[in-house]
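Fold and contact review
Take a look at the letters that make up each chain.
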Amino acid sequence: MIKHVMFVAGTHGNETSGIQLIRNWQRSGCPYKYSTFELSSMLANEEAISRNVRFVDEDLNRQFSLAKLADPQISLESQLAIDINAKIGPKGESKFDLVVDIHNTTSQMGGTLILPSSDAFYISMGRFVKQVLPEANILVEDEVAYEAHPYLCTLGRHGVMIEVGGQPQGLLREDVYQLTTLLAGAIVAFCDAYNEDTLTNLEPCQAFRFIRNISFPLDDNGQRLAMIHHQLQDNDFVPLLPGQPIFKCFDGSEITWEGEAEVYPHFINEAAYSKQHVAFATAESFLL
Ligand SMILES: [Zn+2]
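Residues numbered from 1 in each chain as written. Predicted model: local features only at pLDDT ≥ 70, side-chain atom pairs only at ≥ 80, totals over all residues. Heavy atoms only, no water.

In the annotation of an unreviewed UniProt entry, the entry for the protein reads Aspartoacylase, and the organism field reads Alteromonas ponticola. The UniProt entry for the protein carries this comment under Sequence similarities (unreviewed entry): "Belongs to the AspA/AstE family. Aspartoacylase subfamily." (UniProt positions renumbered as here; feature names shortened; annotations may be inferred.)

Printed below as a string of structure tokens:
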């Protein structure tokens, strides 16, 4: 049974669509009907929200590994993680059966549901969301065990992330807000269906599985040698084949994809990953 569900936003303080959604739900109630569980909501990083920045000292959504929770640092986010773990965790023993953490991205990823595991619960949720919202992308990040992820959502017995884009940091777009709302509504509907045991006829669906991050080419001084090629820009979840251009170098040349036979790039040119020189991530397509 899913008895307690927590919707979170503002884990990143400049991702406004989830923040606005939670504020609206707190003001007017969740617009989706549900009857079999209790729904709570919270904003995670109020200080970052008021400053309209991703974080104050460090990324809050990387603070929830067991190792980090056991060894808090003096940063605002490290301390905040301890408070949030006490409120909606503790990790591994949470009373929340599901934590849904809402994000947005500057990449053109549309409405994406990120599943940090691929056990039976997540397979059902992915299939259900894809069935009621066919335009949704289902992205599985099961390269490590569920508990090993440092994400806030993994404080719950189950946890998932909503990731919608493209939306610039710090502002709100109506299309992104509406897509975020639809994904949240699909998850609310899933929880009732799960509890009512009506999920028996779910068809397998197309999903993506994270492979790795691809970095920008740098010179010996750590300076960029290239930018995302215009043929790759905004083509999140469009197949990328060997020989297709991925970078346009400042000397006029091009760098082509020479990796796996067919990958699905995503988080292309994501602003928050630029500092670490991450150009995009790759995934493979599979049947979930
Ligand atoms: Zn985020």
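1. Structural notes on the coordination of the zinc ion
All of the protein donors around the zinc ion are His 12 (ND1), Glu 15 (OE), Glu 15 (OE) and His 103 (ND1); their distances to the metal are 2.0 to 2.4 Å. Relative to the metal, the four donor atoms surrounding the zinc ion lie at angles of 58 to 148 degrees, and the coordination shape comes out irregular. For the zinc ion, the donor residues sit on a single chain with the sequence spacing H-x2-E-x87-H. Remark: His 103 occurs in strand E3 (residues 98-105) and Glu 15 occurs in the loop between strand E1 (4-9) and helix H1 (16-28); sequence separation between them is 88 residues. Relative accessible area serves as the criterion here: at 5%, Glu 15 is assigned to the buried category. Take His 103: its relative accessible area is 2%, and that puts it in the buried class. (Donors = N, O, S within 2.8 Å, 3.2 Å for Na, K, Ca; no water. Tetrahedral: all angles 85-135°; square planar, octahedral: opposite > 155°, others 65-115°. Helix = DSSP H or I, 4+ residues; strand = E, 2+ residues; numbered from the N terminus. Buried < 20%, exposed > 50% of the residue type's maximum accessible area, 1.4 Å probe, protein only.)

2. Describing the sheet that holds strand E10 (residues 254-256)
The pairing of strands in a sheet comes from backbone hydrogen bonds and takes either a parallel or an antiparallel form. Read from one edge of the open sheet, three strands run E8-E9-E10, paired in antiparallel fashion. One side of each edge strand has no neighbouring strand; the edge strands of this open sheet are strand E8 (226-228) and E10. Neighbouring strand axes in the sheet, compared pairwise and without regard to direction, differ in orientation by 30 degrees on average. Pairing analysis gives three bridges linking E8 to strand E9 (residues 245-249), with the strands arranged antiparallel. Opposite Ile 228, over in E9, you have Phe 247 as the bridge partner. (Pairing = 2+ DSSP bridges. Axes fitted to C-alpha atoms, helices over the stretch in contact; angles between N-to-C directions.)

3. Observations regarding the nonpolar core
Ranked by size, the top nonpolar core spans 47 residues in total, and within it Phe 7, Leu 98, Met 125 and Ile 187 carry the most contacts. At eleven residues, helix H6 (residues 174-195) tops the list of elements feeding residues into this core. Dropping the residues within four chain positions of it, Leu 98 is found in contact with Ile 2, His 4, Val 5, Met 6, Phe 121, Met 125, His 158, Gly 159, Val 160, Ile 187 and Cys 191. (Core = buried A, V, L, I, M, F, W, Y, C linked by side-chain atoms within 4.5 Å. Contact = heavy atoms within 4.5 Å.)

4. As for the sheet that holds strand E11 (residues 278-287)
The eight strands are arranged E2-E1-E3-E6-E4-E5-E7-E11 in an open sheet whose pairing can be described as mixed. The sheet terminates laterally at strand E2 (38-43) and E11, the two strands that pair on one side only. This sheet shows a mean twist of 30 degrees between the axes of neighbouring strands, independent of strand direction. As defined by bridge partners, strand E4 (residues 110-115) adjoins strand E6 (residues 158-165) across five bridges and the pair is classed as antiparallel. In the sheet register, Gly 111 faces E6, and the bridge partner there is Val 164. The strands that helix H5 (residues 120-132) touches are E3, E4, strand E5 (137-140), E6 and strand E7 (206-215); relative to E4, the one it contacts most, it runs at about 165 degrees. In the packing of H6 onto the sheet, contacts are made with E1, E2, E3, E4 and E6, and the angle to E6 comes to roughly 155 degrees.

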